[in-house]
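# Understanding the architecture of this molecule
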Amino acid sequence: MAAEKDFIIKGSKNKKFIKIGSLAALGFLSFLYLSTSNSFDVGKFVMPCHSEMSMVDKVKDFTFKPEGKKCPVSEPIKPSFENYDIDNILFNETFKDLAASKLSGAIKIDTTVQDVNPSPQDDLDYWSNFFELHAYLEQEFPLVHEKLELEKINKIGLLYKWEGSDSSLKPMILMAHQDVVPVNPNTLDEWTYPAFDGVYDKETEIVWGRGAFDCKNLLIAELHTMEILLSQGFTPKRTLYVSLGFDEESSGIHGATYLANHLEEKLGPNSIYSIVDEGFGIARITDELFAATPILGEKGGINVKLSIEGFGGHSSSPPMSGHTNIGILSKLISLMEDTGFEPQYTPKNPIWEFLDCLAEWYTDIPEEFKDAIVKRDLSEYHMDKLLQMLVQQHTFKELVRTSQAVDIISGGVKSNALPEDVFTIVNHRIEVGSSVKEVFERDLAMARIIAKTYNYGLKSGDKILIPKTENGFIIAEIYGQPLEPAPVSPENEVWDLFKKTIYNTFVNGIDSKSEKKAQFVVSPSTATFNTDTKAYWNLTENIYRFMCVELPSDALKSFHSVDEHIAISGHLSTISFLYDYILNVNEYDS
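Remember, it's a predicted structure, so these values are computed and weren't measured experimentally. Here the residue numbers are simple positions, counted from 1 along each chain's written sequence. Local features in this predicted model are restricted to residues of pLDDT 70 or higher, and side-chain atom pairs are both shown and tallied only at a pLDDT of 80 or more, whereas totals for entire chains, interfaces and linings draw on every residue. Remark: hydrogens and water are excluded; side-chain values derive from all non-hydrogen atoms of the structure.

The next subject is the overall build of the protein. Each helix and strand in the protein was counted, giving 15 helices and 21 strands. When a residue's accessible area, from a 1.4 Å probe over protein chains only, is under 20% of the maximum for its type it is buried; when over 50% it is exposed; and in between it is partly exposed. Among the 590 residues that make up the protein, the fraction classed as buried is 56%. The contact definition used throughout considers only heavy atoms, calling two residues in contact when any of these lie within 4.5 Å. Counting contacts in the protein only where the partners sit at least 6 residues apart, residues at least 24 apart contribute 81% of the total. Areas reported as accessible are Shrake-Rupley estimates using a 1.4 Å probe. Residue values count occlusion only from the protein chains shown. When the accessible surface of the protein is summed, it comes to about 24700 Å², and 50% of that surface belongs to carbon and sulfur atoms. Numbering goes from the N terminus for both helices and strands, where a helix is a DSSP run of H or I of at least four residues and a strand is a run of E of at least two.

Before going further, it helps to examine the sheet that holds strand 4 (residues 200-201). Strand pairs in the sheet, formed through backbone hydrogen bonds, run parallel or antiparallel to each other. Note on pairing: DSSP must find at least two bridges between two strands before they are called paired. One open sheet accounts for three strands, arranged 4-5-21; its pairing is antiparallel. Two strands lie at the open edges of the sheet, namely strand 4 and strand 21 (565-567), each paired on one side alone. As paired elements, strand 5 (residues 206-208) and strand 21 share three bridges and run antiparallel to each other. Within strand 21, the position partnered with Ile206 by the bridge is Ala567. Axis definition: a line fitted to C-alpha atoms, over the contacting stretch in the case of helices. Angles run 0 to 180 degrees between N-to-C directions. Here helix 4 (residues 93-107) sits on the sheet in contact with strand 4, strand 5 and strand 21, set at roughly 10 degrees to strand 5. Packing of helix 15 (residues 568-588) onto the sheet brings it into contact with strand 4, strand 5 and strand 21, and relative to strand 21 it is tilted by some 70 degrees.

Moving on: helix 7 (residues 216-231). Between its first and last C-alpha atoms helix 7 spans 22 Å; for 16 residues at 1.5 Å apiece the expected length is 22 Å, and the two agree. Buried residues dominate helix 7, accounting for 15 of its 16 residues. To estimate the expected span of a helix, subtract one from its residue number and multiply by 1.5 Å.

What follows deals with the sheet that holds strand 17 (residues 473-483). What the six strands build is an open sheet, ordered 12-14-10-17-15-16; its pairing is mixed. Edge positions in the sheet fall to strand 12 (403-411) and strand 16 (463-466), since each of these pairs with one other strand and no more. Averaged over neighbouring strand pairs, the angle between their axes works out to 20 degrees when direction is ignored. The sheet contact formed by strand 12 and strand 14 (residues 421-430) spans eight bridges and is antiparallel. Bridged to Ser410 within strand 14 is Phe423. Packing of helix 9 (residues 325-339) onto the sheet brings it into contact with strand 10 (300-309), strand 12, strand 14 and strand 17, and relative to strand 14 it is tilted by some 15 degrees.

So, to be careful, I would describe these as geometric facts and stop short of saying anything about function.
What follows is the structure, encoded as structure tokens:
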């Protein structure tokens with residue numbers, strides 16, 4: 001019975017026993033989001049077997065009708081700047097070619113980083129390509145480099161400051177990163193164009209190359225926006241910083257961390273009005289419905305190392321149990337994967353607002369799915385029903401639970417020698433309502449079950465929980481630096497202006513020349529990945545991860561992969577939103 005108690009999964013709403021064979025963790029690729037699919041596979045939905053529907057629930061199923069809109073549409077806020085000209089950005093052919101050229105040139109400079117990179121303080125030559133990028137930016141954006149103050153933080157990080165006329169106002173920050181992920185040399189012949197040629201195909205109006213989407217689109221758009229505003233004679237009231245890290249793809253250790261610390265030392269905590277960084281864009285739900293999905297929260301992360309320090313010997317004489325240390329570790333891995341994490345309802349998770357928008361505006365949503373969304377707050381039955389639907393959809397499953405992925409395993413040195421030491425590393429992305437401590441304790445509980453079942457000692461780091469046995473120890477420890485889930489940005493006045501600016505860019509800009517106007521909504525969302533904003537939490541609660549780009553289904557398939565690309569219209573809409581946002585903040589909230 002003691003071992004069975006360990007099967008209770010932390011965060012489970014019903015605190016029921018999770019049996020081997022239940023939900024398995026299938027990774028954390030939910031960043032594909034709605035843009036990869038325009039339909040929901042209701043045929044795969046299975047109702048939760050552990051919830052029984054009461055008579056009250058049954059009555060509610062027939063009689064409940066929601067009152068009011070949970071996803072209201074906002075009125076756009078449009079800048080009144082005398083030289084305002086969003087049409088020139090979006091629809092002028094000459095400007096389009098100019099913008100494509102600037103983005104293309106940045107892609108041609110290979111700013112690849114690896115998982116582990118030396119500090120610029122120790123090996124500046126390693127970062128030599130970044131200096132080529134800096135020279136290129138200075139060439140392409142002369143007004144920015146003439147009028148703005150530029151600091152280099154930790155040699156490579158770029159921090160631009162556009163001084164505002166009112167020093168009493170909190171500054172705003174735009175973020176992006178200079179680095180890109182590596183190109184797999186085994187895939188070079190699969191690219192339509194070479195990865196660092198930065199080809200702009202004028203026929204298809206697509207820019208190709210590593211970094212086109214992540215994240216040189218945003219970096220170039222931010223600088224181009226300021227170049228435009230400077231040329232139009234705009235002077236901000238509120239100081240604007242542009243903070244460009246250089247190792248976001250390897251956790252921002254040398255870039256974002258130094259930049260954020262520098263800003264906090266200079267300005268103090270909670271000193272920033274808002275931060276905008278890379279994130280989700282605009283999803284085409286149908287041809288008549290578009291949804292902008294700024295990220296207001298990010299999942300946390302932890303790597304847990306599970307090791308066995310046991311005893312070896314000749315493989316001709318295996319243990320009496322029949323299990324080598326590799327076999328025992330495999331048992332632990334299998335238990336963890338077969339058990340998984342239950343989905344949970346965390347009210348602050350922005351995904352619920354996104355689902356409300358689907359239920360409100362997506363006319364083709366399956367009725368059963370809509371019904372579960374609308375009635376989720378009525379009873380535990382309805383909430384469980386919705387959660388079970390979500391975890392069976394790749395789009396949503398890891399947005400409502402903690403994920404796990406066994407990514408590394410090692411053990412054994414020779415085919416005729418029993419392995420003494422083996423280990424695995426399990427990556428978790430932590431649901432916004434959970435914590436590093438809760439997830440680690442769950443993994444430790446799994447290790448305890450195996451230790452008791454197969455007569456091993458157990459350690460949590462250096463702390464002995466079960467004394468060493470004749471078989472050795474199972475050890476659970478945190479590997480690397482864990483990250484708590486990001487604070488969810490509040491939906492306050494700052495968010496309201498941000499949201500209404502998105503409405504303006506789409507309604508009065510992107511969609512303004514369409515014959516048939518689309519329905520457009522803005523909804524908060526959450527992400528399974530992390531951005532450089534994790535280093536900036538102390539500076540403001542208003543952090544928005546958003547790029548004003550329509551995300552076609554094929555774009556994210558190339559994310560960090562072969563044929564990364566972006567439609568030039570997406571780059572122009574990114575510039576347009578930043579243009580609108582800088583103007584609106586200075587006019588309506590300064």
